[in-house]
Amino acid sequence: MAKRIHPNPGAAGLPSREQILAFIAASTETVGKREIAAAFNIKGADRIGLKRILKEIEEDGAIARGRGGLAPSGRLPPVVLADITARDRDGEFLASPAEWDVGNAAAPKITVATPRGGKRPGQPAPGIGDRVLLRVEASAGEPGRYTARVIKVLGKSKSDIIGVFRAGPEGGRIIPVEKRAQGREVAIPAGEEGDARDGDLVSVTLQRESRFGLAQGRVRERLGSLGSEKAVSLIALHLHHIPHVFAAATLAEADAVVPVGLAGREDWRTEPLLTIDPPDAKDHDDAVMATSDPDPANAGGFVVTVAIADVAAYVRPGSALDREALVRGNSVYFPDRVVPMLPERISNDLCSLREAEDRPALAVRMVIAADGTKRRHSFHRVMMRSRAKLSYAQAQAAIDGFADDVTAPLLEPVLRPLWEAYAALREARDARGPLALDLPERKVLLDADGAVDRVVVPARLDAHRLIEEFMIQANVAAAETLEQARQPLIYRVHDEPALEKMRALGEVLASIGIKLPKEGILRPALFNRILATVAETEHAIFINEVVLRSQAQAVYAAQNLGHFGLNLRRYAHFTSPIRRYADLIVHRALISACRLGSDGLSSEMSVAALDQIGEQISAAERRAMAAERETIDRLIAHHLADRVGATFTGQISGVTRSGLFIKLDETGADGFVPISTIGADYYWHDEAKHALVGERSGETHRLGDRVEVRLVEAAAVAGALRFELLSEGRARPERNARPGPNRSVRKPGASGRPPGIRNTGSRHRGSRR
């Protein structure tokens, strides 16, 4: 509570201006007219006089009024409405007051302290872009700086938007980059353009919104030029607040790093380790080898070795490199650029397992039985030298009998044992029964100018599966070793599907005649049986995607929940410390647990602290996935912009009361068909069947149906495509008849009632509540 102040004895009337200012400045609580009146014991008609004094002080600019009460001009009140804008180098959030209009004075800088033990119960964790209510305190000896704690997360800030500036004769307009903001341009009055030029990506603060005409705003910051498609990823970087410029201190620290030597390491430089990666890979953080086990007790078995770049040798806890790596969380991969977690001096040089160069590594040696089960393993800190740098296709070609000059000498002594060991591991994997989703992974290929050349589905080779299985086994070994040593770690956890998602999956499966068992323990095998049932049908891709959507999202956490998708009891990411901060934590934990050096995980690192890190890097991972997906959407929309009017085949990938989402076969791009443009009928949304159903005709458009569409609009900036549906829906099924697909093309000029949608609120026919 604010301290009560009594006027000096004998002082007549109201407190002086100086007394009021002193009281406001000294208060640690919200101050308004009521608090001032109580503090100075002002009652009755004197309150009118107090109101007049406060108005005069405010008009003079000595105090400012905000949602948090009154405060001396240029200072924040104790409680502030603010927007979280970024993270500092220590990983703490930075915020700016939502309302700040003090002449030309810069807005104060607010550091939002992370609460002990993580987020408050019942409250969502704050994130960049959130609007929050903060309790602030001025930082001692640092004018204009404050520390704060979050009182409440209010949601995403709506005051700032990101868009492309289009110059006009008087100011200009902003085209928002978010799909949900399409069609809602913002006018920029003359004089509010800042230094923005036509075609620039800018951040805009909304100043006024109106029911009529365009909202108005001012350019807050010029983010960069979108003069070429090579800059398309710039949109996602800023929209998702992804750090992409390293701090000077971080770069200086990376440049000053001295390569580590052999001291304290096992010398493995003659071991036939090699890297197998995509052909365009710039960093190589894992190398593999396999040999037959000479132990007679393990006849037919193998010794499999996975060596991982020793990033912990160069990135020490608490260093500038470490702090920025935590803020980034992971590397982000766009078709036109990579935003690395670590500077190139570390990621592409000192920690990249280059061919024929000495590199420090943390290795796990696993003894595998003939049936693929792991008998034992051990971790080693080594110095290695990669025998060769191979691509997946190159290694596969050698095994398939098409060795080149590089792979021919490696085929029998190195590659053949790798494939034989993989055959054993594959047998154990099949017995374990992980979730076997089969979804094509499309890759966008750019030409020399950064434009989309084509979209391809790379072949899925045994070489890919080999490396994947070796990495999974290494990750399991890491988790097992740390658990046995009682060493805290960050797990990669994947919970089983939620009940609500299983109900939704059951409804979708029922719509195509497949019954989902209602009882029994959930296992990946259940989903695998479903996938096998539809494997050779038109529903294969659709059901694979629906099953994927039913799964929980994998996250990082200090508590072990197991990995449902891989059907593993314990799992930790160990194999990519160049591009994932979680793996760096696991490396440090292994160094401590196995006594492999003094640069391991600190004994003071608590489970609560690791859990907080896990939550932070899980959010960074989700952020990266969204940014990568949206960038591909924008590139493909730009690629299709000159094909407006063309027809495409695809599949209904989503059904809402607003319309249909269509995924194109050719590019994998997603677009939308508004419900008002579908057919000559009124359509209602059947939630249970994931379908739109014509009221009069019974014609049905259902999730997973094959369709033909015409491209009507391609909004490249937002990555949005709008289609016109050409295919007729399924005819009304006869009683007890199982509906089949109808792929006929709708004839133009169909008669009937105008298209539309009924109110699907309380009269939501055909759906289950």
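The structure this text deals with has already been given above.
Residues numbered from 1 in each chain as written. Predicted model: local features only at pLDDT ≥ 70, side-chain atom pairs only at ≥ 80, totals over all residues. Heavy atoms only, no water.

Digging into the overall build of the chain
Link 1 in the chain: When its secondary structure is counted, the chain shows 15 helices and 34 strands.
Link 2 in the chain: Going through the 769 residues of the chain one by one, you find that 49% of them count as buried.
Link 3 in the chain: For the chain, restricting intrachain contacts to residue pairs at least 6 apart in sequence, the fraction spanning at least 24 positions comes to 65%. (Helix = DSSP H or I, 4+ residues; strand = E, 2+ residues; numbered from the N terminus. Buried < 20%, exposed > 50% of the residue type's maximum accessible area, 1.4 Å probe, protein only. Contact = heavy atoms within 4.5 Å.)

Regarding the packing of helix α11 (residues 499-511) against helix α13 (residues 540-550)
Link 1 in the chain: Look at α11 against α13: their axes get within 9 Å of each other, and the N-to-C directions meet at 165 degrees. Between α11 and α13, the angle falls in the class roughly antiparallel. Both α11 and α13 take part in a crossing whose hand is right-handed. Residues K501, L505, V508 and L509 of α11 pack against F542, I543, V546, V547, R549 and S550 of α13. (Axes fitted to C-alpha atoms, helices over the stretch in contact; angles between N-to-C directions. Parallel < 35°, antiparallel > 145°, perpendicular 65-115°, else oblique. Left-handed = near helix turned anticlockwise from the far one by under 90°.)

Examining the environment of V311
Link 1 in the chain: Within the secondary structure, V311 is located in the loop between β16 (302-309) and α6 (320-328).
Link 2 in the chain: As a C-alpha pair, V311 and P577 span 266 residues in sequence and 6.3 Å in three-dimensional space.
Link 3 in the chain: Contacts of V311, omitting those with residues within four sequence positions, involve L342, C351, P577, I578 and L584.

Quick notes on the packing of aromatic side chains
Link 1 in the chain: Taken as a whole, this structure holds three aromatic pairs when the rule is applied.
Link 2 in the chain: Here the aromatic rings of F527 and F564 are separated by 6.1 Å at their centres, their planes lie at 85 degrees, and the arrangement is edge-to-face. Within this pair, whereas F527 is found in helix α12 (residues 524-533), its partner F564 is found in the loop between β25 (555-557) and α14 (581-593), the two being separated by 37 residues in sequence.
Link 3 in the chain: Of the residues examined, F564 reaches a relative accessible area of 10% and is grouped as buried.
Link 4 in the chain: Geometrically, the ring pair formed by F661 and F672 is tilted, given 4.8 Å between the ring centres and 50 degrees between the ring planes. Of the two residues, F661 sits in strand β27 (residues 659-664) while F672 sits in strand β28 (residues 670-674), which places them 11 residues apart along the sequence. (Phe/Tyr/Trp six-rings, centres within 6.5 Å; stacked < 30°, edge-to-face > 60°.)

Here we look at the pattern of salt bridges
Link 1 in the chain: Evaluation of the coordinates by the stated rule reveals 37 salt bridges.
Link 2 in the chain: Linking R316 and D599 is a salt bridge whose minimum nitrogen-to-oxygen distance equals 3.9 Å. A residue pair is termed long-range when its members are at least 10 positions apart, and R316 in the loop between β16 and α6 and D599 in the loop between α14 and α15 (607-640) qualify at 283 residues.
Link 3 in the chain: Looking at R316, the relative accessible area reads 40%, which means it is partly exposed.
Link 4 in the chain: For D599, a relative accessible area of 8% corresponds to the buried category.
Link 5 in the chain: Among the salt bridges present, the one from E480 reaches K374, with a minimum N-O distance of 2.8 Å. (Salt bridge = Lys/Arg side-chain N within 4 Å of Asp/Glu carboxyl O.)

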